[in-house]
Amino acid sequence: MSRRTVVLAGLVAGVLLLASATQPWVIASGLGDVSAMDRVEIPGSDIADTVTAMALVGLASAVAVTIARRMARFVIGLLQLGAGAVVTVTLLQVIAAPGEASLGALGEVTGTTEQAQDYALGPAVWVGLAGAVLLVLAALALLVFSRRWPDRSSKRYEKSRAPAGSEEDEDDPDEFDLWDGLTAGEDPTSGRR
């Protein structure tokens, strides 16, 4: 699996989590005399504020993978896996018991500790769960496949080229090598056939 695929998976997972946290996860209805509103939509960020933080960890770790060396990629993978696991557990708790999970947030809206008669899950909670699972899968892919990737950050300082046939072969530069060359003022088309 390529570095690009793992990075994109981490970025998509983070975006899904951030987007879902702003939308209603739980819809409480049947509040009756307890509240002026009969129906309250509770967004994910009000139910579990850790989701937004873990989504940002997922986004930051995906970006960091693009420049990290082998050992740093392992640490980043562990952080990303931990963030994905925390969010997955949180979302599964909301899905299993939406009334319990949203009781505190509902109390802030209604001003009481009374529960609603009915709790329904919004579609955003499933989007969040998809993002959490994708974050875990991206972290696992990072931990398994990243040891085969070349260290990009060290190429600029190497005096000799990699041996022929290796992943860093001069005839097969990757997009990061080309951008580094452009930054240094080199023409990426010179010397190519």
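Residues numbered from 1 in each chain as written. Predicted model: local features only at pLDDT ≥ 70, side-chain atom pairs only at ≥ 80, totals over all residues. Heavy atoms only, no water.

Draft legend 1. Up close: the environment of valine 51. Of note, valine 51 is situated in helix H3 (residues 50–65). Separated by 35 residues in sequence, valine 51 and valine 86 have C-alpha atoms that sit 8.2 Å apart. Residues within four places of valine 51 in sequence aside, it is in contact with Leu17, Ala21, Trp25, Val87 and Thr90. (Helix = DSSP H or I, 4+ residues; strand = E, 2+ residues; numbered from the N terminus. Contact = heavy atoms within 4.5 Å.)

Draft legend 2. Spotlight on the sheet that holds strand S2 (residues 39–43). If you trace the 3 strands from one edge of the open sheet to the other, you get S2-S1-S3, paired in antiparallel fashion. The open sheet has two edge strands with one neighbour each: S2 and strand S3 (118–121). In this sheet, adjacent strand axes meet at a mean angle of 20 degrees when their direction is disregarded. Bridge analysis of strand S1 (residues 24–29) against S3 gives 4 bridges, and the strand direction is antiparallel. Residue pairing for S3: serine 29 is matched across the bridge by aspartate 118. (Pairing = 2+ DSSP bridges. Axes fitted to C-alpha atoms, helices over the stretch in contact; angles between N-to-C directions.)

Draft legend 3. View of the nonpolar core. Ranked by internal contacts, the top residues of the largest apolar core, which has 27 residues, are Leu17, Trp25, Val51, Val87, Leu91 and Leu106. Broken down by secondary-structure element, the contributors of at least two residues to this core are helix H1 (3–21), S1, S2, H3, helix H4 (70–96), helix H5 (98–110) and helix H6 (123–145). Ranked by size, the runner-up nonpolar core spans 8 residues in total, among them Val6, Val7, Ala68 and Ile76. (Core = buried A, V, L, I, M, F, W, Y, C linked by side-chain atoms within 4.5 Å. Buried < 20%, exposed > 50% of the residue type's maximum accessible area, 1.4 Å probe, protein only.)

Draft legend 4. Seen up close, the environment of alanine 97. Inspection of the secondary structure puts alanine 97 in the loop between H4 and H5. Residues alanine 97 and tyrosine 119, spaced 22 residues apart in sequence, show a C-alpha to C-alpha distance of 9.1 Å.

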